[in-house]
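A closer look at the structure
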Amino acid sequence: MSEEQASRSLNFIEQIIEGDLSSKKHETIVTRFPPEPNGYLHIGHAKSICLNFGLAKQYKGKVNLRFDDTNPDKESTEYVESIKKDIEWLGFEWQKECYTSDYFQQLYNWGIVLIKKGLAYVDHSSAEQIAQMKGTPTKAGTNSPYRERSVDENLALFEQMKNGAFENGTCVLRAKIDMSSPNMHLRDPLMYRIKHSTHHRTGDDWCIYPIYDWAHGQSDSIENITHSLCSLEFEIHRPLYNWFIENLEIYPSRQIEFARLNLDYTVMSKRKLLRLVEENLVDGWDDPRLPTISGMRRRGYPAAAIRTFCAKAGIAKRENIIELSLLESCVRQELNKTALRAMAVLDPVKLIITNYPEGQTEQLTAQNNPEDEQAGSREIPFSKELYIERADFLEDAPKKFFRLSVGRNVRLKHAYIINCTGFKKDEEGNLLEVYATYYKDSKSGQDVSGIKPKGTLHWVSTQHAQTAQVRQYDRLFMNQSPDQTETDFIENINPDSLSIIDKAYIEPSLQKSKKGAVYQFMRIGYYARDAKSDQLVFNRTVTLKDGWAKKNK
RNA sequence: UGCCUGGUGGUGUAAUGGUAGCACAUGGGUUUUUGGUACCUUUGGUCAGGGUUCGAAUCCUUGCCGGGCAACCA
């Protein structure tokens, strides 16, 4: 890891940090991850988490987890808990757990400071009027009739606001900056609005709540955040971020913007994810098809793979849409090293080994992971009747088909080489059974047959097989950018994003699998035992690469 | 048509005035008791024009294209 870092080129944020460190602007760095507890974390947040926590670790600094809880109407402790769980699962630790709501009193005091400086005023205009007076990006705004209230009047009104003298929406506190600024955010931005709502942490202590711009930078400053990293959309907020800090004369945190992560074939906005959840289009925030951290966890994506993915995606300022294949490649890379192998037959057809003794069973030894000696081995029962994959037999097989067809040899994984002798079909032409004979001297590990079959099949002994439900997940959307089509993004949902196999046959050892464990079903893909179900349910994490399928497209 | 910001292979991301590299994807191949893995290899790129320079992805200039900004959201 350290070698990797040494040879790796620096991203633009690392360059800024190293500059600040070498110029002694900072002794050490402090970053923060500031989620609003109004939804579950997704892969886009993971990028920010890896960045902020990664930087702190890399430069031996600190990182705070700060809940930006300034809007009680949309936030809840359910979200707080899920966010903490997800960050920990991703493998990160925060120095301090902070809440913007802890700073409400300080923020209020600073509001008074700005009023006294003549830099803030209480505006009794309606929301509509304020919007009207804001102007447009190409047209200057106009001053509010309340803009020139005296300091004393503002002080008294602000206190009344805080004390609950006004109904929701009666008035707001605004910074007095410049209604003709080309930057809309500098046209007397709102600082406080009245909300007679119960906050999940402060209860009914407050009925005025700070707006993002008037809370975020100040919270950064209070925590002595050196580098406040956020996404590109806040670039235009930076002058305001700095204006508040300068006029308050408080610790100058520096805001730096980077491009958020986008993945193709999915949606990332919390609003859209919330809609999928609320309209029951998916099975909750942790549906394995969702790009949420909890969904990916349930699907079987290892935390390490998500971290690697974020590192490979990189940090820059240009907008990007990353291909799902990069994420999947990281997942496969990690799982190939760690997942135990097992055999499962998803679309079964019976294979009868005609020359194998009736009623005989052999226990065969199977390596748990060829990539990892330490993983050990297990026993698998073998018998005369097996299930194999329907797709592994073809009546009229092309030359390059290295599977079963009458007359061809094939290796049964961990077992014998067999020769296909025949098959049975029903009147409609559906394959019922396949017949073969085995070579006694070709047993795995002690093969002296001299036969070199081209293909190897997975199988499960019919009398020993267990059954499980297997959920075949595919991408949730059909379009590369589902939220950029003319139609509602909901209409772009892939109707085949989930297909359920109620009765797949699995090898008996899987009976003892633990919830959440991920296996490689040999020759098929990686599957995670569902963590929520008490039954044997496996969620497809990702398929194995399939060169044969690709070639036959 | 205001302001901010960005344009490097299909997708990401490096090169900070000196050989355009890496990863994923793609095509081909070697190995293999997983058509997996591993390894080798092919294709393909600096938005366009002009300028500065011995030398430009990089600096200047003009244009083109993309993203953002008018929530009592964050």
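Residues numbered from 1 in each chain as written. Chains lettered and ligands numbered in written order. Predicted model: local features only at pLDDT ≥ 70, side-chain atom pairs only at ≥ 80, totals over all residues. Heavy atoms only, no water.

So, the protein's contact with RNA strand B
In plain terms, the rule: Distances are taken per atom, and a residue is near a molecule or strand as soon as one of its heavy atoms is within 4 Å of it. For the purposes of these results, a polar contact is taken to be a pair of N or O atoms within 3.5 Å, where, inside protein, one atom must be able to donate a hydrogen and its partner to accept one; residues adjacent in sequence count only when each atom of the pair is a side-chain atom. Elements are defined by DSSP. Helices are runs of H or I of four residues or more, strands are runs of E of two residues or more, and each kind is numbered from the N terminus. Under the scheme applied, nonpolar residues are Ala, Val, Leu, Ile, Met, Phe, Trp, Tyr, Cys and Pro; charged residues are Asp, Glu, Lys and Arg; polar residues are all the others, including Gly.
Around RNA strand B, 68 residues are found, and the nearest of them are Gln15, Thr70, Arg341, Ser444 and Gln520. The share of sugar and phosphate among atoms of RNA strand B within 4 Å of the protein is 58%. Interatomic distance of 3.4 Å between a side-chain N/O atom of histidine 185 and a sugar or linking oxygen of RNA strand B. Here a base nitrogen of RNA strand B and a side-chain polar atom of arginine 403 are 3.0 Å apart. For the surface near RNA strand B, the secondary structure elements donating two or more residues are helix H6 (127-134), strand S6 (190-194), helix H12 (303-313), helix H13 (324-338) and helix H14 (547-551). Its residues assigned to classes, the surface near RNA strand B shows 23 nonpolar, 23 polar and 22 charged.

Examining the state of the cysteines
Selection rule: Whenever a pair of cysteine sulfur atoms sits within 2.5 Å, that pair is classed as a disulfide. Only protein chains enter the accessibility calculation, which uses a 1.4 Å probe; a residue whose area is less than 20% of its type maximum is buried, one above 50% is exposed, and one in between is partly exposed.
What the rule picks out here adds up to zero disulfides. Note on cysteine 171: no disulfide assigned, nearest cysteine sulfur contributed by cysteine 207 at a separation of 9.7 Å. Among the residues examined, cysteine 171 registers a relative accessible area of 1% and is labelled buried. Cysteine 310 takes part in no disulfide bond, and the closest cysteine sulfur, belonging to cysteine 50, lies 4.0 Å away.

Concerning the domain arrangement of chain A
Using the following cut-off: In this document the domain limits rely on a domain assignment from an automatic tool or a database. Two parts lose some accessible area (1.4 Å probe) when they are put together, and adding that loss for both gives the buried area. What counts as a salt bridge is simple: a side-chain nitrogen of Lys or Arg found within 4 Å of a carboxyl oxygen of Asp or Glu.
One can read the domain layout of chain A as domain 1 (3-260), domain 2 (263-340 + 468-551) and domain 3 (344-458). Inter-centroid distance (C-alpha atoms) of domain 1 to domain 2 is 34 Å. Between domain 1 and domain 2, the buried area comes to about 2,400 Å², and carbon and sulfur atoms account for 68% of it. Run the count over domain 1 and domain 2 and you get three salt bridges. Here aspartate 86 and arginine 297 are joined by a salt bridge, their closest N and O atoms 2.9 Å apart. Between domain 1 and domain 2 we count 11 residue pairs in polar contact (both at pLDDT 80 or more) in total.

Points about the confidence of the model for chain A
Formally: Each residue gets a pLDDT score, which is the predictor's confidence in that residue and runs from 0 to 100. We call two residues in contact when some of their heavy atoms are within 4.5 Å.
When pLDDT is averaged along chain A, the result is 96, and 99% of the positions lie at 70 or above. Below a pLDDT of 50 lies the segment residues 1-6, which in the model reaches one contact outside its immediate sequence neighbourhood of four places, other chains included. In the model output, the complex is listed with pTM 0.96 alongside ipTM 0.97.

Looking at the environment of leucine 431
Structurally, leucine 431 is set in strand S18 (residues 431-438). Placed 36 residues apart in sequence, leucine 431 and glutamate 395 show a C-alpha to C-alpha distance of 9.4 Å. Excluding its chain neighbours within four sequence positions, the residues that come into contact with leucine 431 are Val349, Arg390, Phe393, Phe423, Lys424 and Lys425.

Quick look at the packing of helix H3 (residues 43-58) against H12
Put simply, the rule is: Lines are fitted to the C-alpha atoms to define the axes, a helix being fitted only along its stretch in contact, and any angle between axes, read from their N-to-C directions, falls within 0 to 180 degrees. Every angle not falling under 35 degrees, over 145, or within 65 to 115 is termed oblique; those three ranges are roughly parallel, roughly antiparallel and roughly perpendicular.
Remark: H3 packs on H12, axes separated minimally by 9 Å, with the N-to-C direction vectors making an angle of 75 degrees. As far as their axial angle goes, H12 and H3 are roughly perpendicular. Contacts between H3 and H12 pair Ile43, Ala46, Lys47 and Cys50 from the former with Ile306, Arg307, Phe309 and Cys310 from the latter. Partitioning the contact of H3 with H12 into residue classes produces six nonpolar, no polar and two charged.

Describing the pairing of S6
Here is the rule we go by: Note on pairing: two strands pair once DSSP finds at least 2 bridges between them.
Most of S6 sits out of view: four of its five residues are buried. The sheet contact formed by S6 and strand S7 (residues 208-210) spans three bridges and is antiparallel. Directly across from arginine 193, in S7, lies its bridge partner tyrosine 209.

Observations concerning the side chain of serine 513
Along the chain, the position of serine 513 falls in the loop between strand S22 (498-506) and strand S23 (518-521). In contact with serine 513, other than residues within four places in its own chain, are Tyr519, Arg529, Leu536 and Phe538.

Things to note about the packing of helix H5 (residues 104-116) against helix H9 (residues 238-248)
Running from amino to carboxyl end, H5 crosses H9 at an angle of 80 degrees, the nearest separation of the two axes being 10 Å. Judged on the interaxial angle alone, H9 and H5 are roughly perpendicular. Contacts between H5 and H9 involve Trp110, Val113 and Leu114 from the first element and Trp243, Phe244, Asn247 and Leu248 from the second. Residues of the contact of H5 with H9, tallied by class, amount to six nonpolar, one polar and no charged.

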